[in-house]
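# Observations on the three-dimensional arrangement
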Amino acid sequence: MKEAVSVLIKQEEVEKRIGEMAAEINGKYDAVHLIGILKGSVFFLCELAKRITIPVTLDFISVSSYGDGTTSSGIVKFNKDLDESIEGKNVIVVEDILDSGRTLSYVKSVLEGRKPASLSVITLLDKPDRRVVPVELDMTGFVIPDEFVVGYGLDYAQKYRNLPYIGVLSLTEE
């Protein structure tokens, strides 16, 4: 297979929107505990955290539903849990993309049971055309079309995460 990536959202647009999202968080909370969903959210979470001016702590979970394919397997697998309790904290789950909704719905239900003071869910990208499970978002960076996207933490078979923009991946026979 031949792989090609075309730019969907430029680096400058991504960085500007992350700054706007951080400003909204700064105005809403006194302190936040960010939970990144590994591995895809790392780039977004780091850039967001750098722009948050209130006290911020971080933790990570790892869940998967893709494997090496370009569509969700439909099965959410929990690979790594939190390192500390979230009870009584203002928690913001940080995700790279909301696609089918299976992963975020699962994560949200698990975390709600751990008694945070508040629980918000934000995503850099929202792909509503792929939704099969409803998920309420508190903040979205960009709504995108039903394309397979890479870059800024999003991958295809662990490649392209390091692209500084959001791109559309095309696969063609060689």
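Here's a quick rundown of the structure. Every chain's residues receive numbers from 1 upward, in the order its sequence appears when written. The predicted origin of the model limits local features to residues at a pLDDT of at least 70 and limits the giving and counting of side-chain atom pairs to 80 or more, whereas totals for whole chains, interfaces and linings rest on all residues. Excluded from the side-chain calculation are hydrogens and water; included are all heavy atoms of the structure.

## Description of the environment of Ser118
- Per the convention used, a helix needs a DSSP run of H or I reaching at least four residues, while a strand needs a run of E reaching at least two, with both numbered from the N terminus. Relative to the helices and strands, Ser118 resides in strand β6 (residues 118-126).
- Linking Ser118 and Gly88, residues 30 residues apart in sequence, is a C-alpha distance of 7.7 Å.
- By definition, residues are in contact when any of their heavy atoms lie within 4.5 Å. Not counting the four nearest positions on each side in its chain, Ser118 is found in contact with Tyr29, Lys89, Asn90 and Val91.
- In protein, a polar contact requires one atom able to donate a hydrogen and another able to accept it; more generally it is a pair of N or O atoms within 3.5 Å, and residues adjacent in sequence count only if both atoms are side-chain atoms. A polar contact is formed between the side chain of Ser118 and the side chain of Asn90, at a distance of 2.8 Å.

## A look at unusual backbone geometry
- In the segment running from Leu38 into Lys39, the intervening peptide bond is cis, with an omega of 0 degrees.
- Although it is not a glycine, Lys115 sits at a positive phi angle of roughly 60 degrees.
- Looking at the element boundaries, Lys115 is found in the loop between α3 (102-112) and β6.
- A positive phi angle is found at Tyr152, which is not glycine, with a value near 50 degrees.
- Tracing the backbone through its elements, the reader meets Tyr152 in the loop between β8 (149-150) and β9 (166-172).
- Residue Tyr152 is classed as buried on the basis of its relative accessible area of 5%. Relative accessible area decides the class of each residue, using a 1.4 Å probe on protein chains only: under 20% of the type maximum gives buried, over 50% gives exposed, and in between gives partly exposed.

## Topic: the sheet that holds strand β1 (residues 2-9)
- Only strands that DSSP links by at least two bridges are regarded as paired with each other. If you trace the 3 strands from one edge of the open sheet to the other, you get β1-β9-β8, paired in antiparallel fashion. The open sheet has two edge strands, β1 and β8, and neither has a second partner.
- With 2 bridges joining them, β8 and β9 adopt antiparallel strand pairing. The residue of β9 that forms the bridge with Val149 is Val168.

## A few points about the pairing of strand β3 (residues 56-64)
- Relative to β3, strand β2 (residues 32-38) is paired through 7 bridges, and the arrangement is parallel. Along β3, the bridge assignment pairs Leu34 with Leu58.
- Crossover β2 to β3 through helix α2 (residues 42-51) is right-handed. With strands facing away from the observer, any crossover in which the path from the first strand over the helix to the second runs clockwise is taken as right-handed.

## Thoughts on the packing of helix α1 (residues 11-28) against α2
- Note on geometry: axes are C-alpha line fits, over the in-contact stretch for helices, and angles between N-to-C directions span 0 to 180 degrees. In the contact formed by α1 and α2, the axes pass within 8 Å of each other and the chain directions differ by 55 degrees. When the interaxial angle is binned, α1 and α2 end up oblique. The two elements α1 and α2 cross, and the hand of that crossing is right-handed. In this structure, α1 uses Glu15, Ile18, Gly19, Met21, Ala22, Ile25 and Asn26 to contact α2, whose residues at the interface are Phe44, Glu47, Leu48 and Arg51.
- Of the residues that constitute the contact of α1 with α2, the class distribution is 6 nonpolar, 2 polar and 3 charged. Should an angle fall under 35 degrees it is called roughly parallel, over 145 degrees roughly antiparallel, and 65 to 115 degrees roughly perpendicular, with every other angle called oblique. The handedness criterion is simple: a crossing whose near helix is rotated anticlockwise from the far helix by less than a right angle is left-handed, and one whose near helix is rotated clockwise is right-handed. Residue polarity follows a fixed list, in which Ala, Val, Leu, Ile, Met, Phe, Trp, Tyr, Cys and Pro are nonpolar, Asp, Glu, Lys and Arg are charged, and the others, Gly among them, are polar.

## Considerations on the environment of Val149
- In this structure, Val149 sits in strand β8.
- Between the C-alpha atoms of Val149 and Ile97, which are 52 residues apart in sequence, the distance is 9.3 Å.

## Some remarks on the sheet that holds strand β5 (residues 90-98)
- In space, the 6 strands of this open sheet follow the order β4-β3-β2-β5-β6-β7, with mixed pairing throughout. Unpaired on one side and paired on the other, β4 (77-80) and β7 (139-143) mark the two borders of the sheet. In this sheet, neighbouring strand axes are inclined to one another by 25 degrees on average, regardless of whether the strands run parallel or antiparallel.
- Across the sheet, α2 touches β2, β3, β5 and β6, and the angle it forms with β2 is around 160 degrees.
- Its contacts with the sheet place α3 against β2, β3, β4, β5 and β6, and it is angled at close to 170 degrees to β5.

This is a description of form; function is not addressed.
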